[in-house]
Amino acid sequence: MFHDRKILYSGMQATGNLTIGNYLGALKNWNSLNEEYDCLFGVMDLHSLTVRQNPAEFRQRARSLYTLYVASGLDPEKNCIYFQSHVSGHAELAWILDCFTYMGELNRMTQFKDKSAKHADNINAGLYTYPVLMAADILLYQSDVVPVGVDQKQHLEITRDIAGRFNGIYGDVFTIPEPYIGRQGAHVMSLQNPEKKMSKSDENPNASVYLLDDTDTIIRKFKRAVTDSDTQVRYAPEEKPGISNLIEIYAAAENKTFEEVEKEFEGKGYGDFKLAVGEAVASMLKPMQEKYKELSKEKSYIDSRIKENDEKAQYMADKTLRKVQKKVGLTERIR
Ligand code: ATP
Ligand code: LTN
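Residues numbered from 1 in each chain as written. Chains lettered and ligands numbered in written order. Predicted model: local features only at pLDDT ≥ 70, side-chain atom pairs only at ≥ 80, totals over all residues. Heavy atoms only, no water.

### Points about the nonpolar core
For step 1, the next point in the chain: Of all hydrophobic cores here, the largest spans 60 residues; its most connected members are I20, L27, Y69, L211, F222, F273 and V281.
For step 2, the next point in the chain: For this core, the element with the most residues is helix α12 (residues 270-297), which contributes 12 residues.
For step 3, the next point in the chain: Not counting residues up to four positions away in its chain, the partners in contact with F222 are I20, L191, V209, L246, I249, K274, V277, G278 and V281. (Core = buried A, V, L, I, M, F, W, Y, C linked by side-chain atoms within 4.5 Å. Buried < 20%, exposed > 50% of the residue type's maximum accessible area, 1.4 Å probe, protein only. Helix = DSSP H or I, 4+ residues; strand = E, 2+ residues; numbered from the N terminus. Contact = heavy atoms within 4.5 Å.)

Below you can see the structure in the form of structure tokens.
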């Protein structure tokens with residue numbers, strides 16, 4: 001099984017269709033780190049409940065997210081890819097950690113502030129304690145490294161604080177995790193508003209390129225991308241956020257530097273450039289889309305991997321949970 005290498009943990013919420021932001025900012029990094037670590041990747045379906053979901057759609061989306069992890073190249077026989085809600089320890093540890101987290105700390109979380117503004121009609125307690133459940137996800141598996149986007153860095157810091165506080169009282173129970181922030185493509189912006197990050201829950205479908213969009217749709221979305229009235233393909237995020245975002249996407253898709261991209265499009269207009277970005281992204285996504293289609297037909301293969309990995313995750317989680325329960329003084333089970 002696991003345990004000869006360092007543990008890497010990450011996951012995504014099943015809240016919408018994945019975008020190229022999720023791919024370049026997360027999935028691609030996971031794939032490149034996966035040889036070096038023993039990896040767990042969760043479908044964070046409990047976190048998704050902080051926003052109201054349509055049950056049938058939600059169930060289907062969570063399964064699709066699982067399949068996309070695999071289609072992106074993560075081997076479910078080498079990596080533990082599982083559903084958060086299938087391992088009861090997440091919710092159990094989260095409760096205990098709630099009791100070691102201060103409201104003052106949670107009040108500082110910017111994601112809570114952003115999401116409360118966005119869902120003003122449903123500011124539930126889950127949204128507030130979201131970071132504690134995330135801390136439980138990470139600490140339950142004694143994770144060493146957690147690759148996340150910059151927007152999740154604050155949650156990693158609170159995880160480290162909670163773990164440090166707990167260890168300070170009870171001894172070395174938890175491994176203190178390190179964040180891993182990928183460099184290139186770490187922040188893909190919306191195609192309709194380059195000041196805002198591309199997000200899978202954006203209401204405007206033209207703002208995001210989804211991983212399962214077909215080539216024509218991808219090209220059309222890039223053609224319509226908001227840029228500026230200049231004509232030069234030049235990287236200048238402050239002055240030209242739209243074009244700079246497209247340069248970042250193109251550079252990531254083609255494995256080129258920004259300078260190489262600028263050179264390639266010297267003397268060419270935005271029209272040519274946007275078309276090239278669309279084509280590059282479409283061909284970057286093609287292998288994943290084909291694999292996704294294949295996997296969608298292999299229901300029993302995916303089912304078996306889910307079952308196997310649920311058990312593996314449950315086993316690892318139980319080990320930590322029992323230790324924590326004992327440390328805080330909960331009565332031991334009689335076996
Ligand atoms: P939501 O719109 O539901 O908040 P999201 O698209 O912002 O979702 P998350 O589920 O919060 O995505 O994040 C999944 C992973 O993808 C995280 O590691 C996050 O940092 C990364 N990610 C999300 N959006 C982007 C983006 N625009 N650029 C780079 N990375 C991103
Ligand atoms: N909050 C994260 C998703 C997430 C996560 C985690 C990521 C939940 N639990 C544990 C890394 C480790 C997000 O919205 N991207």
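### Some points on the site of ligand 1
For step 1, the next point in the chain: Neighbouring ligand 1 are 20 residues; V188, K197, S199, K200 and S201 lie closest to it.
For step 2, the next point in the chain: Taking N22, its side chain carries an N or O atom lying 3.1 Å from an oxygen atom of ligand 1.
For step 3, the next point in the chain: Measuring from an oxygen atom of ligand 1, one finds a side-chain N or O atom of D151 at 3.0 Å.
For step 4, the next point in the chain: With the chains in place, 95% of the 600 Å² that ligand 1 exposes on its own is no longer accessible. (Near = heavy atom within 4 Å. Polar contact = N/O pair within 3.5 Å; in protein donor to acceptor, adjacent residues only side chain to side chain. Areas by Shrake-Rupley, 256 points an atom, 1.4 Å probe, with all protein chains shown as cover.)

### Describing the site of ligand 2
For step 1, the next point in the chain: Taken together, the neighbourhood of ligand 2 is formed by 13 residues, with H47, Y130, M134, D137 and Q152 sitting nearest.
For step 2, the next point in the chain: Interatomic distance of 2.7 Å between a side-chain N/O atom of D137 and a nitrogen atom of ligand 2.
For step 3, the next point in the chain: Against a free-state accessible area of 360 Å², the protein chains account for coverage of 90% of ligand 2.
For step 4, the next point in the chain: Listed by contribution, the elements that provide at least two residues to the shell around ligand 2 are β1 (7-13) and α7 (125-140).
For step 5, the next point in the chain: Grouping the constituent residues of the shell around ligand 2 by class yields 7 nonpolar, 5 polar and 1 charged. (Nonpolar A, V, L, I, M, F, W, Y, C, P; charged D, E, K, R; others polar.)

### As for unusual backbone geometry
For step 1, the next point in the chain: Backbone geometry at Q142 places phi at a positive 55°, although glycine is not the residue there.
For step 2, the next point in the chain: Mapped onto the fold, Q142 is located in the loop between α7 and β4 (145-147).

### What to know about helix α8 (residues 153-170)
Working note: α-helix, 3.6 residues per turn, so residues spaced by three or four point in the same direction.
For step 1, the next point in the chain: Under the 1.5 Å per step criterion, the end-to-end length of α8 is 26 Å for 18 residues, consistent within 8% with the ideal 26 Å.
For step 2, the next point in the chain: If you check which residues of α8 are buried, you get H155, L156, I158, T159, I162, A163, F166 and N167.
For step 3, the next point in the chain: Positive backbone phi, at 95°, marks G171, one or two positions downstream of α8. (Expected span 1.5 Å × (residues − 1).)

### What about the packing of helix α4 (residues 89-98) against helix α13 (residues 299-328)?
For step 1, the next point in the chain: Relative orientation of the contacting elements α4 and α13 amounts to 25°, with a least axis distance of 11 Å. Classified by the interaxial angle, the pair formed by α4 and α13 is roughly parallel. With respect to the hand of their crossing, α4 and α13 are arranged in left-handed fashion. Contacts from G89, E92, L93 and I96 of α4 reach α13 at L321, V324, Q325 and V328.
For step 2, the next point in the chain: Residues that form the contact of α4 with α13 fall into these classes: 5 nonpolar, 2 polar and 1 charged. (Axes fitted to C-alpha atoms, helices over the stretch in contact; angles between N-to-C directions. Parallel < 35°, antiparallel > 145°, perpendicular 65-115°, else oblique. Left-handed = near helix turned anticlockwise from the far one by under 90°.)

### Let's talk about the pairing of strand β3 (residues 80-83)
For step 1, the next point in the chain: Residue alternation in β3 divides its side chains into two sets, C80 and Y82 and I81 and F83, and both sets are buried.
For step 2, the next point in the chain: Inspection of the sheet shows strand β2 (residues 38-44) paired to β3 by 4 bridges, in the parallel sense. Bridged to V43 within β3 is F83. (Pairing = 2+ DSSP bridges.)

### Some thoughts on empty space enclosed by the protein
For step 1, the next point in the chain: Summed over all chains, the structure comprises 1 cavity of 30 Å³ or more.
For step 2, the next point in the chain: Residue lining of the largest cavity: M109, Q111, F112, K115, L127, Y130, P131 and H155, and that is the complete set.
For step 3, the next point in the chain: Elements with a minimum of two residues in the lining of the largest cavity: α6 (110-118) and α7.
For step 4, the next point in the chain: Looking at the lining of the largest cavity residue by residue, the classes come out as 5 nonpolar, 2 polar and 1 charged. (1 Å grid on protein atoms, 1.4 Å probe; cavity = no way out; pocket = protein on both sides within 12 Å on 5 of 7 lines; lining within 4 Å. Points joined across faces, edges and corners; volume = space filled by probe spheres on them.)

### Description of the packing of aromatic side chains
For step 1, the next point in the chain: Under the defined criterion, the tally for this structure stands at 14 aromatic pairs.
For step 2, the next point in the chain: Taken together, a centroid distance of 4.6 Å and an interplanar angle of 15° make the contact between W30 and F41 stacked. Taken as a pair, W30 in helix α1 (residues 20-33) and F41 in strand β2 lie far apart in primary sequence, 11 residues in all. Neither residue differs from the other here; W30 and F41 are each classed as buried.
For step 3, the next point in the chain: Both rings, one in W30 and one in Y69, keep their centres 5.2 Å apart while their planes meet at 80°; by these two values the pair is edge-to-face. Remark: Y69 occurs in helix α3 (residues 55-71) and W30 occurs in helix α1; sequence separation between them is 39 residues.
For step 4, the next point in the chain: Using a relative accessible area of 1% as the deciding quantity, one classes W30 as buried.
For step 5, the next point in the chain: Take Y69: its relative accessible area is 0%, and that puts it in the buried class.
For step 6, the next point in the chain: Each member of the aromatic cluster is reached from another via a ring pair, and the members are F100, F166, Y170 and F174. (Phe/Tyr/Trp six-rings, centres within 6.5 Å; stacked < 30°, edge-to-face > 60°.)

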